[in-house]
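Below are the chains, spelled out letter by letter.
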Amino acid sequence: MQTIRRANDRGRANFGWLDSRHTFSFGEYYDPAHMGFGPLRVINDDRVAPGGGFPTHPHRDMEIVSYVLSGALAHKDSLGTGSVIKPGDVQRMSAGTGIAHSEYNASNEEATHFLQIWLLPEKRGLAPGYEQKSFDADAKRDRLRLVASPDGRDGSVTIRSDASLYVSLLGKEARVSHDLAPGRGAWLQVARGAVAVGDALLAEGDGLAVSDEKRLEIVGEAADSEILLFDLGA
């Protein structure tokens, strides 16, 4: 079964310095029909104005992944971590028993566009942690590159959640496939461009929930389409 979540149907919050689209309920946007999918709880499509950002704030019991599409995001946290996240980087922050962090656009001239992703952890009360790795474009070109997984396999970052995240840069008519084990679902998020999954055409910002299927076939419908594919437990 496949269910499309169209970009224009998402929730929206605009604070001037931040223009955000919410795939699932978040903040003041609440929709009981869209509370998450499996352990995937949040996909926020955030555009941060030059010099803008999130001041220091706390999190608990959540695996948080940041994926930058353009610009750069400056991160600092209560673990003493300081970094700049750029396109190609995948950052994982485990909130666990408690962590505080800030995120700011690293530029005073250009906007930053990134996806903020929250996943429910395998259990509550884990130790907080941080990890960041970079994956170049060639590693994602016309193939699904694993960038986050519970066991950190294939050089991916380790997330303590029943989820594996793949990313791909697809050329027009390029094709990738992914097999799903029994009982597992998938969420496909189009970060830019357009792709087809069977008869479904998905544009930038669209999402696709998949359950009770054995294989996904994804075809690029535009040059340099960028997708995120989550393989998810129940």
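Residues numbered from 1 in each chain as written. Predicted model: local features only at pLDDT ≥ 70, side-chain atom pairs only at ≥ 80, totals over all residues. Heavy atoms only, no water.

Draft legend 1. The sheet that holds strand E10 (residues 99-105), seen in detail. Ordered in space as E5-E10-E7-E8, the four strands form an open sheet in which the pairing is antiparallel. The open sheet is flanked by strand E5 (53-59) and strand E8 (82-85), the only strands paired with a single partner. Between one strand axis and the next, the sheet turns by 20° as a mean value, whatever way the strands run. Alignment of E5 against E10, held across five bridges, turns out to be antiparallel. Across the sheet, the residue bridging to Phe54 is Glu103, located in E10. (Pairing = 2+ DSSP bridges. Helix = DSSP H or I, 4+ residues; strand = E, 2+ residues; numbered from the N terminus. Axes fitted to C-alpha atoms, helices over the stretch in contact; angles between N-to-C directions.)

Draft legend 2. Quick look at the packing of aromatic side chains. Scanning all chains against the criterion turns up four aromatic pairs. The interplanar angle of 85° and the centroid separation of 5.1 Å between the aromatic rings of Trp17 and Phe54 together place this pair among those described as edge-to-face. One end of the pair, Trp17, is in the loop between strand E2 (11-14) and strand E3 (18-22); the other, Phe54, is in strand E5, with 37 residues separating them in the sequence. Relative to Trp118, the ring of Phe26 lies with its centre 5.3 Å away and its plane at 75°, an arrangement referred to as edge-to-face. (Phe/Tyr/Trp six-rings, centres within 6.5 Å; stacked < 30°, edge-to-face > 60°.)

Draft legend 3. Summary view of the pairing of strand E15 (residues 163-170). Burial of E15 is extensive: eight of the eight residues sit out of reach of the surface. Burial of E15 is two-sided: the residues Ala163, Leu165, Val167 and Leu169 facing one way and the residues Ser164, Tyr166, Ser168 and Leu170 facing the other way are all buried. Pairing analysis gives three bridges linking strand E13 (residues 145-149) to E15, with the strands arranged antiparallel. If you follow Arg145 over to E15, its bridge partner there is Val167. Sheet topology note: the E15/strand E22 (residues 225-232) ladder contains eight bridges and is antiparallel. Residue pairing across strands places Ser164 opposite Asp231, the latter belonging to E22. (Buried < 20%, exposed > 50% of the residue type's maximum accessible area, 1.4 Å probe, protein only.)

Draft legend 4. View of the pattern of salt bridges. A full pass over the atoms with the stated rule returns 17 salt bridges. For the salt bridge of Asp179 with Arg215, the shortest nitrogen-to-oxygen distance reads 2.6 Å. Here Asp179, found in strand E16 (residues 175-179), pairs with Arg215, found in strand E21 (residues 215-220); they are 36 residues apart in sequence, far enough to count as distant. For Arg215, a relative accessible area of 42% corresponds to the partly exposed category. (Salt bridge = Lys/Arg side-chain N within 4 Å of Asp/Glu carboxyl O.)

Draft legend 5. View of the layout of surface pockets. Volume-wise, the largest pocket comes out at about 350 Å³. Contributing to the lining of the largest pocket are 20 residues, with Phe15, Leu18, Phe26, Gly27 and Phe54 lying nearest its centre. Every element with two or more residues in the lining of the largest pocket is listed here: E2, E3, strand E4 (40-48), E5 and strand E11 (112-119). Broken down by element, the lining of the largest pocket gets its largest block of residues, five residues, from E5. Here the residues of the lining of the largest pocket sort into eight nonpolar, eight polar and four charged. (1 Å grid on protein atoms, 1.4 Å probe; cavity = no way out; pocket = protein on both sides within 12 Å on 5 of 7 lines; lining within 4 Å. Points joined across faces, edges and corners; volume = space filled by probe spheres on them. Nonpolar A, V, L, I, M, F, W, Y, C, P; charged D, E, K, R; others polar.)

Draft legend 6. Geometry of the environment of Ser161. Mapped onto the fold, Ser161 is located in the loop between strand E14 (157-158) and E15. By relative accessible area, Ser161 is classed as buried at 2%. Along the sequence, Ser161 and Glu103 sit 58 residues apart, while their C-alpha atoms lie 23 Å from each other. Those residues in contact with Ser161, other than ones at most four positions away along the chain, are Pro39, Glu63, Leu119, Leu120, Pro121, Glu122 and Pro150. (Contact = heavy atoms within 4.5 Å.)

Draft legend 7. How the structure looks around the sheet that holds strand E20 (residues 207-210). Taking strand neighbours across the sheet as the criterion, the seven strands line up as E1-E20-E17-E22-E15-E13-E14 in an open arrangement whose pairing is mixed. Each of the sheet's edge strands pairs with one partner strand only, and the pair in question is strand E1 (2-5) and E14. Taken together, the four bridges between strand E17 (residues 185-192) and E20 define a ladder with antiparallel strand orientation. Residue Ala186 lies in a different strand from E20, and its bridge partner there is Val210.

Draft legend 8. Molecular detail of the nonpolar core. Counting residues in hydrophobic clusters, the biggest one holds 24 residues, and the most contacted among them are Leu40, Ile117, Leu119, Trp187, Leu228 and Phe230. When residues of this core are traced back to their parent elements, those giving at least two are E4, strand E6 (63-70), E11, E13, E15, E17 and E22. Beyond its immediate chain neighbours, meaning those up to four positions away, Leu119 contacts Pro39, Leu40, Arg41, Met62, Glu63, Val65, Ile159, Ser161, Ala163 and Leu232. Counting residues in hydrophobic clusters, the runner-up holds 19 residues, among them Leu144, Leu170, Ala186 and Leu216. (Core = buried A, V, L, I, M, F, W, Y, C linked by side-chain atoms within 4.5 Å.)

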